[in-house]
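Spelled out from the first residue to the last, the chains are:
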Amino acid sequence: MFEEARRKVRITRGIFLLFLLVLAGRLFWLQVLEHDYWYFQGFLNRERILPRPVKRGSILDRKGRRLAWDEAAHDVELVYRDFRRGNPLGQAYHLKLLTLPDPRLPRDVMDLYERRMRLRGRIRALPPGSEERKGLQEELDSLKIAEPPDPRPYNLLEARRDLSGLAEFVASLGPEDLPDPEAAGRDLPGGEIEGELSREDRKARARIVRSNMEWYLRRLLGEALELAGRSKGWAAALRKALERKGRGSLFRGIRKEFRAARERGERGSFAALLGLGPENLEALLERGAAALVPPRRRDRDPLELLDRIHKRNTCLLLFQFGNRWALWDRRFRDAQRLREDRRDPLWRAVPFELVKWVELRPRAHRGFFVVDSVRRVYRDVEGRLPAARLFGRVTGVLAGDEERLDPDTTWLQPLPGLEEYWPEYEESVERRARRLASRVRRFGRGGLEGELDSRLRGKEGWTFFEADRRARRRLSHYQGPPRPGKDVRITLDLELQCALEKALALARLPVKAAGAALLECRTGAILALASLPLAGREDLEEGWKELARLDRAWREGGRKGRRPVVLPILQDWSRFRYGSSMPGSTFKVVTALAAFRAGKAGVLDCEGILPFPWGGGLHCPRAHGRIGVERALEVSCNVYFGKLGRILGNPLLEKEAAGLGFSTVKGRKVVIQGWWTWAGPPWGPGGRAPRVPCDPPVVEAGAAPALHAVGYGIGATPLAMARVFAALATGLVPPLRIVPGGGGGGRPLGIPREELEKIREGLRLVVEGPEGTARRVGLGPLGVEGKTGTPQLTRGRRGRNLAWFCGIFPRSRPAYSIAVMVPGVPHGFHGGSVAAPVVRAFLEQPAGRALIEGREGGR
Amino acid sequence: MRRLREDLKELDWHVLLLAYLLVGFGILFIHSATQAGSEFAGQAERQAFFLLPATLAAAFFLLVPYTRFEKYAFYVYGACLLLLLLLPVAGVSLNNARRWLSLGGLLFQPSEFMKLGLIFALARWFRPRSAPDHWQGLIAPGLITLVPMVLIVKEPDLSSALVLVPVLFGVCYTAGARGRWLLLVLLAGAILFGILYATGSLKSYQVDRIQAWWRQTDMPKEMRLGAGYHLRQSLIAIGSGGIRGEGYMRGLQNVYDFLPYRSTDFIFSVIAEETGFIGSVFFLFLYGLFVFLVFGIAARTRERFGRLLAVGTALLFATELFVHVAVCSGVMPPTGLTLPFISYGRSSLLTHFAALGLVLNVGMRRVRVLTPDAF
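The rules behind each value
- Numbering of residues starts from 1 in every chain and runs along the sequence as written.
- Both sets of labels track the order of writing: A upward for chains, 1 upward for ligands.
- Totals for whole chains, interfaces and linings use all residues, but because this is a predicted model, local features are given only for residues with pLDDT of at least 70 and pairs of side-chain atoms are given and counted only at 80 or more.
- Only hydrogens and water are removed before side-chain values are computed, so all heavy atoms of the structure are retained for them.
- Only protein chains enter the accessibility calculation, which uses a 1.4 Å probe; a residue is then buried when its area is under 20% of its type maximum, exposed when over 50%, and partly exposed in between.
- The way it works is that DSSP assigns letters per residue, a run of H or I at least four long becomes a helix, a run of E at least two long becomes a strand, and they are numbered from the N terminus.
- Here, any two strands with at least 2 DSSP bridges between them count as paired.
- Scored from 0 to 100, pLDDT records how confident the predictor is in each individual residue.
- Contact between two residues is taken to exist if any of their heavy atoms lie within 4.5 Å; hydrogens are not considered.
- The axes used here are C-alpha line fits, helices contributing only the stretch in contact, and every angle between their N-to-C directions lies in the interval 0 to 180 degrees.
- Under this scheme an angle from 65 to 115 degrees is roughly perpendicular, one under 35 degrees roughly parallel, and one over 145 degrees roughly antiparallel; angles in between are oblique.
- Put simply, a crossing is left-handed when the front helix is turned counterclockwise from the back one by less than a right angle, and right-handed when it is turned clockwise.
- Charged residues are taken to be Asp, Glu, Lys and Arg, nonpolar residues to be Ala, Val, Leu, Ile, Met, Phe, Trp, Tyr, Cys and Pro, and polar residues to be all remaining types, Gly included.
- At any given residue, the bend is defined as the angle formed between two axes, one fitted to the seven residues that end at that position and one fitted to the seven that begin there.
- Here, nonpolar core refers to any group of buried Ala, Val, Leu, Ile, Met, Phe, Trp, Tyr and Cys residues whose side-chain atoms link them within 4.5 Å.
- Cavity means a closed set of points on a 1 Å grid over the protein atoms alone, one where a 1.4 Å probe fits but cannot get out, pocket means an open set with protein on both sides within 12 Å along at least 5 of 7 lines, and lining means a residue has an atom within 4 Å of a point.
- Grid points are joined across faces, edges and corners, and a volume is the space filled by probe spheres set on the points.
- What counts as a salt bridge is simple: a side-chain nitrogen of Lys or Arg found within 4 Å of a carboxyl oxygen of Asp or Glu.
- Here the quantity called buried area is the total loss of accessible area, with a 1.4 Å probe, experienced by two parts when brought into contact, counted for both.
- We define a polar contact as two N or O atoms separated by no more than 3.5 Å, with the added condition that, inside protein, one atom must be a possible hydrogen donor and the other a possible acceptor, whereas residues neighbouring each other in sequence contribute only through side-chain atom pairs.

## Examining the pairing of strand β12 (residues 526–532) of chain A
Residue and element names in this part refer to chain A.
- Of all 7 residues in β12, 7 are buried; the element is thus mostly enclosed.
- Two strands pair when backbone bridges link them, and strand β11 (residues 514–520) and β12 are joined in this way by 6 bridges, in the antiparallel orientation. Paired with G515 across the bridge in β12 is S531.
- Here β11 folds back onto β12 in antiparallel fashion, the turn holding 5 residues, of which G524 has a positive phi close to 80°.

This is the structure in structure tokens:
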């Protein structure tokens, strides 16, 4: 028998040895054969790469003054786990969140909402104008809420009031078992969890409560005991609540924790609050601590409203720093699955002033982290951004943030129909959305910022380091220093720019829209570009949204073609360079050049009308008789230039226009309120020189030559027309330059100077001649010679015209070219009365006078 | 006294020395595992300090002739059962489990004592009985084991409960039960488990852990951060060790706080990471040798009660060693089980030193019996 037992012991021992061998084999597999794989997995566990922000280069005007630059800013990130554990507000909020009822609209609002939806359905089914429909419509209109739901801001004082109830709630759950969801709802003090939650929701909440609450309470009550001398009632109430529920062990745990904390000399975050009164809380808020309550009552919905209008089971937090707000949201259901220790971006690119309290008092702002960042700043002059249109945008949005920032997307999606009950609701949401969006935007990749991006952007630095599980940096491997972008000096002159914008604003235009461009004739340098309405920050918001939409469409469309860098929405506004308009009579200069080149610029007879074969014709106010080019320019004779166009024919006209940068286009034209444009790449000299983001001037193929000759069927921006007049002044077609240098010095026009002088004489007569179309403006004494243009967009008394004036100055030696275009002027206004005064207003300013007097240097 | 001195001459010093060597090894690595986290600081010192009462317990079970325990075996079992019954009423809840009782501020774990109590009870049960010649003979010992198992599972502490099963089987087998019966019971258990798994009767976290174990090399991200986190970090720690290890107190999984419960449930991962394949196999060899020698004592013992005590103790150590290392190295699904002598834990140290004293007691007192086994 003994031998049998011994044999069995040996067999057992053998089995044990076998198992040991299996383990050794497994270790061999892991540590020898798969070592590299697991070592690499460990490396991935630890390694972190953080970008180091780089300062983008500044954009300087031609005298070195900064127009756009980067300045140091900060991003704020939130780690929810630290926030809910270490931040008193986070603790209170999280406690509240765990026991919040279903954050939907109040029952009465929901009932009303449903009734309205039903009524709407019935109304839609009825024929328009029927009596029944009217009756239902009246009923629908009567269903409104007179008073919006009262805002119930949640603050620390409320949190303090809630805590005893919460303690009771936890005690009713009992720490040992996952509570029965039904029981959890039933046992709640005051029925805080309403019976509307689904079973799944109840379970999820109960589980989270279960895992969090005891920890909170132990800490919280331990600290409450510490302050028992000042808040005896508190500790006693909590103690009683626990003892009543038979949670003596919890209370003992609390006492133990309290003793341990006292021995360690720690004072927890709650300890600092439990004994405080409202005045201390005020002081706390003043220090910049986060708050859930807006300071003004009219911001009535920071937490409650957003919480309610949002979909179910969503955590929303609105933080206050100084006078700014930040929003953070997280799906309640995902809270368990997500890593609570990850850093969620809360703010981007905010100045130090707003985050200084987080930096200076990190213990009071647990859960918040400040990360270095940069933001783009544009020079602001008297509340507007000079040449803002030129710069374009956007980096942050294009980088993929638009989903989060676009007010049309999820988190601020208004509940359908709510705006009808609550008139100010939509506005409030939009305002908030704009405010939030404005914090994170970055100007940049469109427009000039886009064209110069390769020079401006620099190179972002990075830090490669190892971090432990709590994301603490343990070992830095390598740091790639950021390489700042290079500054770029452009041809724009800040003073001239401001003067031109001011001229547009001062000129008492009959419409609130205009565009103007100022060029240096010899070099083609763009000195100023102005557009009405003057750009403010709000306008840029619009552009940003539009570009975000375009860029999204471009990406969703398979990234075909060129990425949109031009803002089409600016066609309405940025008239100096977008949206080619009919130049009208200002184009007669081009016709005259073509005639001189062809040797056909002779004397022609003006009978007052040049009929078209298909009816109608070109008209002059009266018959001018036999006139030459100079006189025809002075009186802007349509018949003369129409006849000249017929003599020259389209090929010669198009060739002349092509020499001045116009191209013949057969594409699909897009007519927008009378002017049209072709989608195309930015226009400019090309090659290595940065292109000027501007629509190219075009000649529409197939139009009648007589119409072409007087500027119909042509599309041009003020910038393009300014270039034509610059060529006239110097005999060279200059390249358009926004950055000094680069490109050639201009292409000779190929027309003798004497003939050019004849055209200039005509331009002089326009401003000084007895019948000059701009004789009343007083540009002659200022040394300007130019040409007006008033193409008719729509006919008749209520018709609308375009008003142009293009000119060169000073007369002795023209060095500058200017073009002004005012769209949509009413009948009765013309280029001489609307556009020319803008030039005068410009030149009468000190900056303009300096140009006339030759005091203004070149580059 | 002279008798005692003579008995001590027979003491198996190798086993004792090996046990202290393992405890020393354990203290070293508890120190390494707790260097980073302040919340666990001082565990190595406390473990070293508690070696004294553990030694006293071992001495008690060594010096009192083990045959005297036979009379009190069921009392010991009953006392342990009583402690387990007290848990729902007076237990202290930590980490969502109610496994501890507080005695003057000191926490102890009745389920650890139950391991020894069960060995006593099973040995006592089989001592006067002949070898079970029918499967019905296994019902009573099965019940003796099942009652504490249920109480321990309710704590909940599944792994400690499961450790009792091999002890039961081993003692029954050595007491004369046929191997095929035990195999059948094992098979039935496996089928039951399969049914529970298939019908979704297991708790969700248990299912998650099993799934994570099954996909240990291609876990999706949610699993890596959720149910599979412990296993993955442990595998990374062991695998990173390589052949020679990263060096004492230099294991990055350990130092950087990635490895959870590293002074208790995953201490072998720390050892494997810092000493590498060579060190971990050497450790397995040492521990295996210790268990092997305990089995040797059982094999040498002719007296039935003493032999069953020794077999039960050896199986307890063997099972805990296997399960702990298997969990750490991904051979088994994750479950929390400490490694005797190595992991931090005062109740565990006390229990296992008592078991050590008992088995040495059996080894040094070769009771001469005319009818060594049951009549």
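## Describing the confidence of the model for chain B
Residue and element names in this part refer to chain B.
- Within chain B, residue pLDDT values average 87, and 94% of them lie at 70 or more.
- The least confident element of chain B is strand β1 (residues 92–94), whose mean pLDDT is 70; the most confident is helix α13 (residues 267–300), at 95.
- Below pLDDT 50 for its whole length, residues 370–375 participates in 15 contacts with residues either more than four positions away or in separate chains.
- In the predicted complex, the global pTM is 0.58; the interface-specific ipTM is 0.94.

## Description of the confidence of the model for chain A
Residues and elements named next belong to chain A.
- Across chain A, pLDDT averages 67, with 51% of residues at or above 70.
- This model gives residues 564–578 a pLDDT under 50, and the stretch forms 63 contacts once residues within four places in sequence are excluded.
- Within the model, the stretch residues 667–691 combines pLDDT values under 50 with 65 contacts to residues more than four positions away or in other chains.

## Brief notes about the packing of helix α11 (residues 229–241) of chain B against α13(B)
All names here are of chain B.
- Remark: α11 packs on α13, axes separated minimally by 6 Å, with the N-to-C direction vectors making an angle of 25°. Regarding the angle of α11 to α13, the classification is roughly parallel. The element α11 and its partner α13 pack so that their crossing is left-handed. Contacts between α11 and α13 involve S234, A237, I238, S240 and G241 on the former and, on the latter, F268, S269, A272, E273 and G276.
- Its residues assigned to classes, the contact of α11 with α13 comprises 4 nonpolar, 5 polar and 1 charged.

## Digging into helix α4 (residues 66–90) of chain B
Residues and elements named next belong to chain B.
- Most pronounced at Y72, the bend in α4 amounts to some 60°.
- Taken together, the buried positions of α4 are Y66, F69, E70, A73, Y77, C80, L81, L84 and L87.
- Next to the buried residues of α4 lie α3 (43–63), β2 (97–103), α5 (110–126), α6 (139–153), α14 (304–328) and α15 (346–364).

## Things to note about the nonpolar core
- Ranked by internal contacts, the top residues of the largest apolar core, which has 122 residues, are B:Y287, B:F290 and B:F341.
- Membership of the second largest hydrophobic core comes to 78 residues, among which are A:V488, A:C521, A:V629 and A:A632.

## A short note on the layout of surface pockets
Residues and elements named next belong to chain A.
- Empty space within the second largest pocket amounts to approximately 1100 Å³.
- If you go around the second largest pocket, you meet 40 residues; those closest to its centre are P621, S636, N638, T790 and H830.
- Looking at the lining of the second largest pocket, the elements that each hand over two or more residues are β15 (617–619), β24 (785–789) and α30 (831–834).
- Looking at which element gives the most residues to the lining of the second largest pocket, the answer is β15, with 3 residues.
- The residue inventory of the lining of the second largest pocket, partitioned by class, reads 14 nonpolar, 20 polar and 6 charged.

## Considering the sheet that holds strand β25 (residues 800–809) of chain A
All names here are of chain A.
- With antiparallel pairing, the 5 strands of this open sheet are ordered in space as β12-β11-β26-β25-β24. Each edge of the open sheet is held by one strand with a lone partner, namely β12 and β24. This sheet shows a mean twist of 10° between the axes of neighbouring strands, independent of strand direction.
- Sheet topology note: the β25/strand β26 (residues 816–826) ladder contains 9 bridges and is antiparallel. Each residue of the ladder has a partner; that of N801, found in β26, is V825.
- Contacts from helix α22 (residues 494–506) reach β11, β12 and β26 within the one sheet, and its direction differs from that of β12 by about 30°.

## Concerning the environment of A:G64
- Relative to the helices and strands, A:G64 resides in the loop between β2 (59–60) and β3 (66–78).
- Separated by 423 residues in the primary sequence, A:G64 and A:D487 place their C-alpha atoms 9.8 Å from one another.

## Notes on the pattern of salt bridges
All names here are of chain A.
- Scanning all chains against the criterion turns up 28 salt bridges over all chains.
- Note that R760 is salt-bridged to E785, the shortest N-O span being 2.4 Å. With R760 in helix α29 (residues 753–768) and E785 in strand β24, the pair connects residues that are 25 residues apart, well separated along the chain. Of the two residues, R760 and E785, both sit in the buried class.

## Side note on the interface of chain A and chain B
- At the interface, 41 residues of chain A touch 57 residues of chain B.
- For the pair chain A and chain B, the summed buried area comes to about 4600 Å², and 65% of that belongs to carbon and sulfur atoms.
- Where chain A packs against chain B, one counts 0 salt bridges.
- The tally of links from chain A across to chain B stands at 17 residue pairs in polar contact (both at pLDDT 80 or more).
- Elements represented by at least two residues in the side of chain A that touches chain B include exactly α1 (2–33), α2 (35–46), β8 (461–467) and β9 (473–480) of chain A.
- For the side of chain A that touches chain B, a count of residues per class yields 20 nonpolar, 6 polar and 15 charged.

## Let's talk about the pairing of β24(A)
Residues and elements named next belong to chain A.
- When you tally the buried positions in β24, you get 5 out of 5 residues, the bulk of the element.
- The alternating pattern of β24 places E785, K787 and G789 and G786 and T788 on opposite faces, both of which are buried.
- Direction of pairing for β24 relative to β25: antiparallel, over a ladder of 5 bridges. What sits directly across from K787, in β25, is C806.

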